[in-house]
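Working through the structure, step by step
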Amino acid sequence: MTGSRISVLVVEDDPVAADAHALYVNRVPGFVTVGKVHSAAEARRALERAPVDLILLDLHLPDGHGLALARSLRAAGHQADVIAVTSARDLAVVREGVSLGVVQYVLKPFTFATLRDRLLRYAEYRTTSGEATGQDEVDRALANLRSPAPAALPKGLSAPTLERVTQALRDVGDGGMTATGAAEAVGISRITARRYLEHLVDSGRAVRSPQYGQVGRPELIYTWK
């Protein structure tokens, strides 16, 4: 650790994403980014120079899979925990990572709030020490790593439709989309699409901005955060 803070190495092949992840880490109290590297080879060299507490690890690196890196680090005696960052949703990969020190998975793209939640839970998990008095105490220590159950959706919204709207918003990229565009992409009414888009804004996963230049009221543009 660096002082009393948890030291983090960001391993991410995209330099822009690496900068963003490092910035996110540094905004969380108790954490500090001590390095950013863009390949498995660079990660190994960095860890030989200075061990860290936690690795924020992209699983798709230019010179190998992130789990292969985690495996080699364990074999070399490195004890850093790992939070895996990936766009893959293969649960077999998740199961394999558990045995290699992967304590959390974060699916791309993610918001600052998502990573902050994972880091704070990890920090709470690290504070557990001593001998457990019983099963309940063991369960509580492990529960610190788990995210809370998803909040119930507002009345009238469904999880499958929310996923379709979310995917449409992600796919359109930085240009964003209107409620009309989302309705056409998903096959629902404009009013319904707007309810889903507003829910994404309220939950911190999207932002809205007015589009000017047209007669009448400006139309709202929604963009994935």
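Structure shown above.
Note that the structure is predicted; figures quoted are calculated from it, not measured.

**So, the side chain of Thr-161**
Here Thr-161 is to be found in helix H7 (residues 159-172). Of note is the side chain of Thr-161, whose polar atom sits 3.0 Å from the side chain of Ser-158.

**Looking at the pairing of strand E7 (residues 102-107)**
In terms of burial, E7 is a largely internal element, 5 of the 6 residues being buried. Taken together, the 5 bridges between strand E6 (residues 81-86) and E7 define a ladder with parallel strand orientation. Residue pairing across strands places Val-82 opposite Val-102, the latter belonging to E7.

**Let's talk about the pattern of salt bridges**
Within this structure, the stated rule accounts for 4 salt bridges. Two residues, Asp-117 and Arg-118, come together in a salt bridge whose shortest N-O distance is 3.2 Å. Of the charged contacts in the structure, one is a salt bridge between Arg-208 and Glu-198, with a shortest N-O distance of 2.4 Å. Pair noted here: Arg-208 is in strand E8 (residues 206-211) and Glu-198 is in helix H9 (residues 190-202), with a separation of 10 residues, a long-range link.

So, how was this worked out
Residues numbered from 1 in each chain as written. Predicted model: local features only at pLDDT ≥ 70, side-chain atom pairs only at ≥ 80, totals over all residues. Heavy atoms only, no water. Helix = DSSP H or I, 4+ residues; strand = E, 2+ residues; numbered from the N terminus. Polar contact = N/O pair within 3.5 Å; in protein donor to acceptor, adjacent residues only side chain to side chain. Buried < 20%, exposed > 50% of the residue type's maximum accessible area, 1.4 Å probe, protein only. Pairing = 2+ DSSP bridges. Salt bridge = Lys/Arg side-chain N within 4 Å of Asp/Glu carboxyl O.

The quantities given are spatial measurements derived from coordinates; they are silent on function.
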